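Architecture at a glance
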Amino acid sequence: DQQVKQNSPSLSVQEGRISILNCDYTNSMFDYFLWYKKYPAEGPTFLISISSIKDKNEDGRFTVFLNKSAKHLSLHIVPSQPGDSAVYFCAASWTFNAGNMLTFGGGTRLMVKP
Amino acid sequence: GAGVSQSPSNKVTEKGKDVELRCDPISGHTALYWYRQSLGQGLEFLIYFQGNSAPDKSGLPSDRFSAERTGGSVSTLTIQRTQQEDSAVYLCASSLAGRTSNEQFFGPGTRLTVL
């Protein structure tokens, strides 16, 4: 039973446009959410996070939105750049989970076309 | 400074053999995690070490999997009697401590192929 799901395995966007990556979760105990970016043959790198006490967190071109009632979060990248082409993983954890083990979605491959 | 390193980067083995995968975390990081990513899947938590505490092994898929962390630093993940379904990329991550505010830094992974 996947607790974190990314239903779109891939997304193609034109350079300069907005990229929207979606993520759904089922475990209501999750209260901390993260997005990781992964290039081939490299480990995932942290991109942006959001606590459940917020509904939006912005960092430069990257904004994460959280809708707790829908158990849904999204990552917006604007404007998209070719260097953003990578696999994006949504992850979740909860504060009282000793150890902060992350539960990941299956990833979405983003392709930004020049 | 140096990031998380893992070795080997690739490992091909025959079914039934044992394998050892190594992780060198970032110096000073007390928390260490192993995850694996099977083909087309997300990352799956395997095991977690925090300082000198007993590890959290709740993610290990079978008793063929074990891990140790020597001296609070280097960790080795051992898979005994490998099976084809063990083929995956095994990723190690470390963080300052096991808190939600502590970013996990990942190594490049070891790609394991069991023939």
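Scroll up to find the structure.
In this report, the structure presented in the accompanying data block is examined. All chains use their own residue numbering, which begins from 1 and follows the written sequence. As a convention, the first chain written is A and the first ligand written is 1, with the rest following in written order. In keeping with the predicted nature of the model, local features appear solely for residues at pLDDT of at least 70, side-chain atom pairs appear and are counted solely at 80 or more, and the whole-chain, interface and lining totals rest on all residues. Each side-chain value is derived from all of the structure's non-hydrogen atoms; neither hydrogens nor water enter the calculation.

1. Some remarks on the overall build of chain A
Heads up, the condition is: Helix and strand labels come from DSSP, where a helix needs a run of H or I of at least four residues and a strand needs a run of E of at least two; each type is numbered from the N terminus. Two things to know: the radius of gyration comes from C-alpha atoms, and the globule rule equals 2.2 Å times the number of residues to the power 0.38. Contacts between residues were defined by any pair of non-hydrogen atoms, one from each residue, lying within 4.5 Å. Throughout, the Shrake-Rupley method with a 1.4 Å probe supplies accessible areas, and for residues the shown protein chains are the sole cover considered. In this tally, Lys and Arg are treated as positive and Asp and Glu as negative; His is ignored, and so are the chain termini. Charge positions come from single atoms, namely NZ of Lys, CZ of Arg, CG of Asp or CD of Glu.
Each helix and strand in chain A was counted, giving 0 helices and 11 strands. Element order for chain A, N to C, with α for helix and β for strand: β-β-β-β-β-β-β-β-β-β-β. Rg of the C-alpha trace for chain A: 14 Å, near the compact-globule value of 13 Å for 114 residues, within the 12% margin. When its C-alpha atoms are laid out on the principal axes, chain A stretches across 45 × 30 × 20 Å. Sequence-distant contacts in chain A: of pairs separated by 6 or more residues, those separated by 24 or more amount to 55%. Of the roughly 5,500 Å² of accessible surface on chain A, 51% is carried by carbon and sulfur atoms. Across chain A, the 11 positively charged side chains and the 9 negatively charged ones have centroids separated by 4 Å.

2. Description of the pattern of salt bridges
Residues and elements named next belong to chain B. Put simply, the rule reads: Within this document, salt bridges are pairs made up of a side-chain nitrogen of Lys or Arg and a carboxyl oxygen of Asp or Glu, the two lying within 4 Å of each other. Each residue is assigned to one of three classes by its accessible area relative to the maximum for its type, calculated with a 1.4 Å probe on protein chains only: buried under 20%, partly exposed between the two thresholds, exposed over 50%.
This structure, assessed with the given rule, holds 4 salt bridges over all chains. Among the ionic pairs, Glu44 bridges to Arg36, the shortest N-O distance being 2.9 Å. For Arg36, a relative accessible area of 9% translates into the label buried. The salt bridge partner of Arg64 is Asp86, with a shortest N-O separation of 2.8 Å. Taken together, the positions of Arg64 in the loop between β5 (43-50) and β6 (65-69) and Asp86 in the loop between β7 (75-79) and β8 (88-95) put the pair 22 residues apart, joining distant regions of the chain. Neither residue differs from the other here; Arg64 and Asp86 are each classed as buried.

3. Structural notes on the state of the cysteines
Residues and elements named next belong to chain A. Inclusion rule: Two cysteine sulfur atoms form a disulfide, by the criterion used here, when they sit within 2.5 Å.
With the rule as written, the count across this model stands at 2 disulfides over all chains. What pairs with Cys23 in a disulfide is Cys90, and their sulfur atoms sit 2.0 Å apart. Looking along the S-S bond of the Cys23-Cys90 disulfide, the torsion reads about -70°, which is the left-handed sense. Remark: Cys90 occurs in strand β9 (residues 86-93) and Cys23 occurs in strand β3 (residues 19-25); sequence separation between them is 67 residues.

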